[in-house]
Amino acid sequence: MIEAVTKGFKETFGYEPAGVWSAPGRANLIGEHTDYNEGFVLPFGIDKRTYVALSPRSDSICRVSSDIDGNTYQTDLSSKPVGLDWALYPLGVAWVMREWSKGGFDAYFTSNVPVGSGLSSSAAIECSIAVALNEIWSAGRTKQQLALIGQRAENDVVGAPTGMMDQTASMLAEADSAVFLDCQSLEAKPVSLNLEAHDLVVAVIDTRVAHRHSDGGYRVRRESCERGADILGVSSLRGLSVADLPRAEAELSEVDFRRVRHVITENQRVLDTLEALKNSDLERLGELLLASHASMAKDFEISIDELDLAVEVAMQSGAVGSRMTGGGFGGAAIAVINKNLLGSLEANCKAAFDKAGYLEPKIFPVVPSAGARRDR
Ligand code: GLA
C-alpha cells in the first residue's frame, strides 16, 4: 500500500511525495457510547489502515485526492471547509490545525478500512493526516493531542457529535493490545489481549448495513445521556455508579433511564473486562461481551436485526463472546472465537443472513495493530 499510495500521489500531482504516513481503523472490544460520557473504553487498532502520501506546498493551497472517487478537492485554509464529500475529514483536520500551518499541501489517500462498517474509516483518515501535518508543520502535538484534533474535525467541521474513542484508538494503538482509555482523565494504557496464546482471534462480522453518525440516532442518544446527568446533578454520567440506578429510575423518564443504565453498567463492564483479561477468564469475558450487546440492544436501542443475528450465529458457532461494535444503527459485530472455527462462523453467518433475506455479510479476522505512524 505504501507503493500504491506513492504511485497515486505521483500520478495525481506529478511529483514525488515528501513522505507516507498511515493510521489504522479500530474495533472496540467493549465500552460503547461511554466516551462522550467521560467513561471507559477498550478499543484496538486493526490491521486495516489508511495511507496518505503528502508533500508541503509553498503557497496556501491544500489539495486532497484518493483512489475512492478519483476527484481532487481543494481548499486554502482561509475559510472553514464545507461539503467536499470524504475530503471533509482530512481538510477538516487541516482546518483545525491551521494555527500551525506553514502553507498548504498535496495529499493522496488510499485505504483498506471498510467504509460505513463501524470500523472508523473516518478516524483512520483523520489520524493519518494529523500525524503527517504534525510533522511537516512542526506542530509538536502529542499523539493524544492529535487524537483530540481529529475529534474536533469530526465535531466542528463534519458535524458528527462523536466522542474521542476512535481517534484515540487509531493514534495510540499497539500491536497485540487494546487501549484502555479513561475518557475523563484521558489516561490511556495498553492492555495485552494475549489472544494467540488461547488460539483466539477477533472476527468482524460486517453486516454491510451502512451507518452515519451525523444523522439523528447518535445525537438523540447523546442528548438523553446529557439530560440524565443534568437531572441527576452530575457533570457527566461518569459521576454515577450502579448504586445510583434506583435513584436514576425514580427521577428520569423511562427511556432516559434505560439510556443512562446502559452507560453506567457499560462502564462497569469495561472494568470487569480488564479483570477477566488479566485472569485469562474467557468465560467471564464472553459473558461481559454478551451483556454489553444485550444492553445496547435493549437499553440503548442502537442494534439492528442483522447485528443481533450476527451475535446469535457467532455464539452458535462456538464464539467465546460477541457483540456489536462501534456506534450502532448498522456496521459490524465482533466475535472472539477460536481461529479454527473461523470457516464455520463465516459459512453459518452467510447461510443465516441469506435465510433472513439480509445482504451477504463479510466475515474476516482483525489483528490488533500499531497506531498512526510514518511509513516512509
Ligand atoms: C462512534 C463514535 C465514538 C463512540 C462510538 C460508540 O464510533 O465515533 O466516539 O461514541 O460511536 O461507542
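Scroll up to find the structure this text is about.
None of the values given here were measured: they were computed from a predicted structure. (Residues numbered from 1 in each chain as written. Predicted model: local features only at pLDDT ≥ 70, side-chain atom pairs only at ≥ 80, totals over all residues. Heavy atoms only, no water.)

Colleague: Just checking my understanding: could you explain the site of the ligand for this structure?
Modeller: The full set close to the ligand counts 13 residues, and Glu32, His33, Asp35, Asp166 and Tyr218 are the nearest of them. Here an oxygen atom of the ligand sits 2.9 Å away from a polar atom, N or O, in the main chain of glycine 163. Side-chain polar atom of tyrosine 218 to an oxygen atom of the ligand: 2.5 Å apart, as the coordinates give it. Tallied by class, residues from the shell around the ligand come to three nonpolar, six polar and four charged. (Near = heavy atom within 4 Å. Polar contact = N/O pair within 3.5 Å; in protein donor to acceptor, adjacent residues only side chain to side chain. Nonpolar A, V, L, I, M, F, W, Y, C, P; charged D, E, K, R; others polar.)

Colleague: What is the right way to look at the packing of aromatic side chains in this model?
Modeller: The description of two aromatic rings rests on the distance between their centres and on the angle between their planes. Here the structure, examined in full by the defined rule, presents eight aromatic pairs. Between tyrosine 73 and tryptophan 86, the ring centres sit 5.8 Å apart and the planes meet at 85 degrees, which makes this aromatic pair edge-to-face. Of this pair, tyrosine 73 sits in strand β5 (residues 72-75) while tryptophan 86 sits in the loop between β5 and α2 (88-96), and the two are 13 residues apart along the sequence. Residue tyrosine 73 shares its accessibility class with tryptophan 86, and that shared class is buried. One aromatic cluster is present, formed by Phe9, Phe13 and Tyr15 through successive ring pairs. Residue placement shows lysine 48 over the ring face of phenylalanine 364; its charged tip is 5.0 Å from the ring centre. Over the ring of tryptophan 95 we find arginine 98, and its NZ or CZ is 3.6 Å from the ring centre. (Phe/Tyr/Trp six-rings, centres within 6.5 Å; stacked < 30°, edge-to-face > 60°. Helix = DSSP H or I, 4+ residues; strand = E, 2+ residues; numbered from the N terminus. Buried < 20%, exposed > 50% of the residue type's maximum accessible area, 1.4 Å probe, protein only. Lys NZ or Arg CZ within 6 Å of the ring centre and 35° of its normal.)

Colleague: How should I be thinking about the pairing of strand β8 (residues 188-192) in this particular structure?
Modeller: On a regular strand, each side chain points to the face opposite its neighbour's, so the side chains alternate between the two faces of the sheet. Across five bridges, the pairing between strand β7 (residues 177-182) and β8 is antiparallel. Bridge pairing in β8 links valine 179 to proline 190. Taken together, β7 and the strand that follows it, β8, pair antiparallel across an intervening segment of five residues, in which leucine 186 is found at a positive phi of about 65 degrees. (Pairing = 2+ DSSP bridges.)

Colleague: Would you take a moment to explain the sheet that holds strand β2 (residues 40-41) for this structure?
Modeller: Strand pairs in the sheet, formed through backbone hydrogen bonds, run parallel or antiparallel to each other. The three strands lie next to each other as β2-β7-β8, forming an open sheet whose pairing is antiparallel. Every other strand in the sheet has two partners, leaving β2 and β8 as the edge strands with one partner each.

Colleague: Hey, could you run me through the pattern of salt bridges in this one?
Modeller: With the rule as written, the count across this model stands at 27 salt bridges. Between arginine 259 and glutamate 301 there is a salt bridge, and its shortest N-O distance comes to 3.0 Å. Of the two residues, arginine 259 is situated in helix α8 (residues 254-278) and glutamate 301 in the loop between α9 (282-299) and α10 (305-316); the sequence distance between them amounts to 42 residues. Accessibility expressed as a relative area gives 7% for arginine 259, which makes it buried. Here the residues in one salt-bridge network are Glu32, Glu266, Arg269 and Arg323, joined through shared partners. (Salt bridge = Lys/Arg side-chain N within 4 Å of Asp/Glu carboxyl O.)

Colleague: What is the right way to look at the side chain of threonine 265 in this model?
Modeller: Looking at the secondary structure, you find threonine 265 in helix α8. A relative accessible area of 17% means that threonine 265 is categorised as buried. Setting aside residues no more than four positions away along its own chain, threonine 265 makes contact with Leu245 and Ser295. (Contact = heavy atoms within 4.5 Å.)

Colleague: For this particular structure, what's the right way to read the environment of leucine 193?
Modeller: Turning to its location among the elements, leucine 193 is positioned in the loop between β8 and β9 (200-206). Classification of leucine 193 by relative accessible area gives buried; the value is 7%. It is 14 Å that separates the C-alpha atoms of leucine 193 and alanine 370, two residues lying 177 residues apart in sequence. Excluding residues that lie within four positions of it along the chain, leucine 193 makes contacts with Leu29, Phe44, Asp176, Ser177, Ala178, Leu277 and Pro368.

Colleague: Would you explain α10 in this entry?
Modeller: The periodicity of an α-helix, 3.6 residues per turn, causes residues three or four positions apart to be oriented the same way. With 12 residues, α10 extends 16 Å from end C-alpha to end C-alpha; this agrees with the ideal 16 Å at 1.5 Å per step. If you check which residues of α10 are buried, you get Glu306, Leu307, Leu309, Ala310, Val311, Val313 and Ala314. Here the buried face of α10 lies against β9, α9, β10 (321-325), β11 (332-338) and α11 (342-356). Glycine 318, located one to two residues past α10, shows a positive phi value of around 95 degrees. (Expected span 1.5 Å × (residues − 1).)

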